[in-house]
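# Close look at the chain arrangement
The residues making up each chain are set out below.
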Amino acid sequence: MQPENAHQARVLTSLRFHGPQPAAELAAQVSLSRSKIGQELLRLQELGFVERAGKAESRGGRRSGLVQLSRGLRFLGVDIGATSLDVGITDGRLELVARAAEAIDIEDGPEIVLGRAVELIDKLRADGLLARVDGVGVGLPGPVSFRDGFTVSPPIMPGWDRYPVREFFMQQLDCPVLVDNDVNLMAVGEMYCGLARSVRDFLFVKIGTGIGCGIVTAHRVMRGSSGSAGDIGHIAVQETGPVCSCGRSGCLEAWFSGAALSRDATALARSGESPELHRLLGDRAVLTAEDVGIAMRSGDPQALGLVRDGGRRLGRVLAGLVNFFNPAMIIVGGGVARLGHPLLAEVRAELYRRSTPLATSSLPIVLSELGEHAGVVGAAGMAGDHVLGVQPAS
């Protein structure tokens, strides 16, 4: 099921970006006559794409009826991270209807991880929350060929190289399926439902097990010629340093990511340099980025030093991106972003110091408010855009 003509696609695009509108305003938005917009809206309602949504605010006369994307539509977002699996269902307006999540290990391979995703989907069905599926979006924590629907040589995903993820879900669910890098989908989530709703050009930076960047310009995700745009975790910040998962040395991701913080905090705990980290380690094998945050907030100088060093390195890389791309906003998300404002303060200081005044004069650098929902909402949004024929204007 897709729009029958370009007029309908333009109507759906306007509703996606501008929300519920009276028919007269829609007609002006998409350059259609009132009689023509009435015909197209009637057909879109018959197809199940739109619905009536009450009355607009009064402007002194009779209140106009509003039209919105249908709440009966169901888009499925599957957000697969290195250590987590999230499945979410949204309606046509990308409002989250239901969500299920669990911990995973991406190194278990595609058969096990994708099988668990299907089990979560089946559970949502059994609970009566997913009577229909109009489209599916899938996010993966590695380089993705968007055209082909699979990962290509992902550093932290053994066994996933060119595994047919899109075909797997199409066979299971019999509907359109799109696959993309998880960071790109988090950027889509922010564009539609987060802090970037009114921003045309922005960067979304995810700091998790690894580091990646979603690049949005004129409301479009920029994937590059092969789908690897935004892979900033493998920008070298020093000539030498820890060996990265990609096999090279000195990458940003090897210096500052969830995995890097775990490594460095565990070393500080075992050496006794940080009594607080040593206490938190206890009998465990390793510490986590969350432990670093706990120690930092308790006043541990070693933990704070890890956060500050990492923030400065990230700020240095982002300064280069700001000078090149000139975004209107930078949003920081992912598990490590829970370190919060001490991390953001270091990123801001380094970025502002190294970027041109014109590029940073009105550049907000903020923490994501969508948090763990960004990926599933963005994945559902990508699938919805495909089904609805959404084409943002350049």
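Quick look at the structure, then.

### Let's talk about the overall build of the protein chain
A count of helices and strands for the protein chain gives 14 helices and 15 strands. Taken against the 2.2 N^0.38 rule, which gives 21 Å for 394 residues, the C-alpha radius of gyration of the protein chain at 22 Å falls within 12% of a compact globule. Judged by the C-alpha coordinates and their principal axes, the protein chain covers about 75 × 50 × 40 Å. Restricting to contacts in the protein chain with at least 6 residues of sequence separation, those with at least 24 account for 60%. With the model as given, the accessible surface of the protein chain reaches about 17,200 Å², and the carbon-plus-sulfur share is 50%. Across the protein chain, the mean location of the 40 positive side-chain charges is 8 Å away from that of the 43 negative side-chain charges.

### Comments concerning the sheet that holds strand β12 (residues 211–217)
Two orientations exist for strands paired in a sheet by backbone hydrogen bonds: parallel and antiparallel. Taken together, five strands build an open sheet; the order of strands is β13-β12-β11-β14-β15 and the sheet is mixed. The sheet is open, and its two borders are formed by β13 (220–221) and β15 (365–367), each paired with just one other strand. Each of β11 (202–207), β12, β13 and β14 (329–333) touches helix α6 (residues 182–193); the most contacted strand, β11, lies at about 130° to it. Relative to β15, helix α12 (residues 341–354) is tilted by about 165°, and along the sheet it contacts β11, β14 and β15.

### Re the nonpolar core
In this structure, Ile207, Leu318 and Ile330 are the most contacted members of the largest nonpolar core, which totals 44 residues. Ranked by the residues each element gives to this core, the list is headed by helix α11 (residues 301–325), at nine residues. Apart from the residues lying within four places of it in its own chain, the contact partners of leucine 318 are Val205, Ile232, Ile330, Val347 and Leu351. Among the nonpolar cores identified, the runner-up in size contains 38 residues, and Leu15, Leu47, Leu94 and Ala196 belong to it.

### Overview of the sheet that holds strand β4 (residues 75–80)
One open sheet holds the five strands; their spatial order is β6-β5-β4-β7-β10, and the pairing between them is mixed. The outermost strands of the open sheet, each flanked by one partner alone, are β6 (96–103) and β10 (177–181). With direction set aside, neighbouring strand axes in the sheet form an average angle of 15°. When strand β7 (residues 135–140) meets β10, the two strands line up parallel, connected through five bridges. Bridge assignment links leucine 140 to a residue of β10, and that residue is asparagine 181. Strands in contact with helix α5 (residues 165–173) are β4, β7 and β10; relative to β10, the strand with the most contacts, it is inclined by about 145°. Helix α14 (residues 374–388) contacts β4, β5 (84–90), β6, β7 and β10 of the sheet and is inclined by roughly 135° relative to β4.

### Let's talk about the environment of serine 84
Looking at the element boundaries, serine 84 is found in strand β5. C-alpha of serine 84 to C-alpha of valine 113: the two residues are 29 residues apart in sequence and 9.8 Å apart in space. Not counting residues up to four positions away in its chain, the partners in contact with serine 84 are Asp79, Glu102, Ala103 and Ile104.

### Thoughts on the packing of helix α1 (residues 6–18) against α14
At a minimum axis distance of 9 Å, the contact between α1 and α14 shows a crossing angle of 155°. When the axes of α1 and α14 are compared, the pair comes out roughly antiparallel. Contacts between α1 and α14 involve Ala9, Leu12 and Arg16 from the first element and Gly381, Gly384, Asp385 and Leu388 from the second. Residues that form the contact of α1 with α14 fall into these classes: three nonpolar, two polar and two charged.

What counts, and where the lines are drawn
Residues numbered from 1 in each chain as written. Predicted model: local features only at pLDDT ≥ 70, side-chain atom pairs only at ≥ 80, totals over all residues. Heavy atoms only, no water. Helix = DSSP H or I, 4+ residues; strand = E, 2+ residues; numbered from the N terminus. Rg over C-alpha atoms; globule rule 2.2 N^0.38 Å. Contact = heavy atoms within 4.5 Å. Areas by Shrake-Rupley, 256 points an atom, 1.4 Å probe, with all protein chains shown as cover. Lys, Arg positive; Asp, Glu negative; His and termini not counted. Charge placed at Lys NZ, Arg CZ, Asp CG, Glu CD. Pairing = 2+ DSSP bridges. Axes fitted to C-alpha atoms, helices over the stretch in contact; angles between N-to-C directions. Core = buried A, V, L, I, M, F, W, Y, C linked by side-chain atoms within 4.5 Å. Buried < 20%, exposed > 50% of the residue type's maximum accessible area, 1.4 Å probe, protein only. Parallel < 35°, antiparallel > 145°, perpendicular 65-115°, else oblique. Nonpolar A, V, L, I, M, F, W, Y, C, P; charged D, E, K, R; others polar.

Note that all results are geometric; they support no functional claim without further evidence.
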